[in-house]
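Observations on the model geometry
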Amino acid sequence: FTDQNHERASTVSLSILVTIEMFNAANALSENQSLLTQPIWTNIWLVLAILLSFCLHFVILYIPAMASIFQVQPLTWGEWQGVLAWSF
């Protein structure tokens, strides 16, 4: 890997992990019911925590100073579609 390819691969991997963990948190909303029977907005604190987590992740990715510190690169829409596909 070159440095740029390494950063891109690390960024995609990190984004997949963040997304999987947010889906996992949503899935843990209830022990007995799925998200199909109990909507996620029944726990507004969980929704806010997930939104805050994604906002912080976006800050790391799309603010150049933070991206430099964390050695990540901004993802394209196509890469985000791949992240979402792999996270399900």
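Further remarks concern the nonpolar core. Here is a general trend for soluble globular proteins: nonpolar side chains tend to be buried in one another's company. By size, the foremost hydrophobic cluster in this structure holds eight residues: Ile 16, Ile 60, Leu 61, Ala 67, Val 72, Leu 75, Trp 80 and Val 83. At the level of secondary structure, the elements contributing two or more residues to this core comprise α2 (44–62) and α4 (77–87). Discounting residues that sit within four places of it in the chain, Trp 80 has contacts with Ser 15, Thr 19, His 57, Phe 58, Leu 61, Tyr 62 and Leu 75. In this structure, Val 18, Met 22, Leu 29 and Leu 46 belong to the second largest nonpolar core, which totals six residues.

For side chains of opposite charge, pairing can occur when their charged atoms come near one another. Summed over the entire model, instances satisfying the criterion amount to one salt bridge. Between Glu 79 and Arg 8 there is a salt bridge, with the nearest N and O atoms lying 2.8 Å from each other. Residue Glu 79 is found in helix α4, and its partner Arg 8 is found in helix α1 (residues 3–27); the two are separated by 71 residues along the sequence. Judged by its relative accessible area of 26%, Arg 8 is partly exposed.

Let's shift gears to the side chain of Ser 87. Residue position: Ser 87 is located in helix α4. Polar contacts involving the side chain of Ser 87 include one to the main-chain carbonyl oxygen of Val 83, which spans 2.7 Å.

Summarising the element assignment, Gln 73 is placed in the loop between α3 (64–70) and α4. Here Gln 4 takes part through its backbone oxygen, which lies 3.4 Å from a polar atom of the side chain of Gln 73. A polar side-chain atom of Gln 73 sits 2.9 Å from a polar atom in the side chain of Arg 8.

Looking now at the environment of Ile 50. Topologically, Ile 50 is positioned in helix α2. Classification of Ile 50 by relative accessible area gives buried; the value is 12%. Placed 43 residues apart in sequence, Ile 50 and Glu 7 show a C-alpha to C-alpha distance of 24 Å.

So, how was this worked out
Residues numbered from 1 in each chain as written. Predicted model: local features only at pLDDT ≥ 70, side-chain atom pairs only at ≥ 80, totals over all residues. Heavy atoms only, no water. Core = buried A, V, L, I, M, F, W, Y, C linked by side-chain atoms within 4.5 Å. Buried < 20%, exposed > 50% of the residue type's maximum accessible area, 1.4 Å probe, protein only. Helix = DSSP H or I, 4+ residues; strand = E, 2+ residues; numbered from the N terminus. Contact = heavy atoms within 4.5 Å. Salt bridge = Lys/Arg side-chain N within 4 Å of Asp/Glu carboxyl O. Polar contact = N/O pair within 3.5 Å; in protein donor to acceptor, adjacent residues only side chain to side chain.

So yeah, pure geometry; function would need other evidence.
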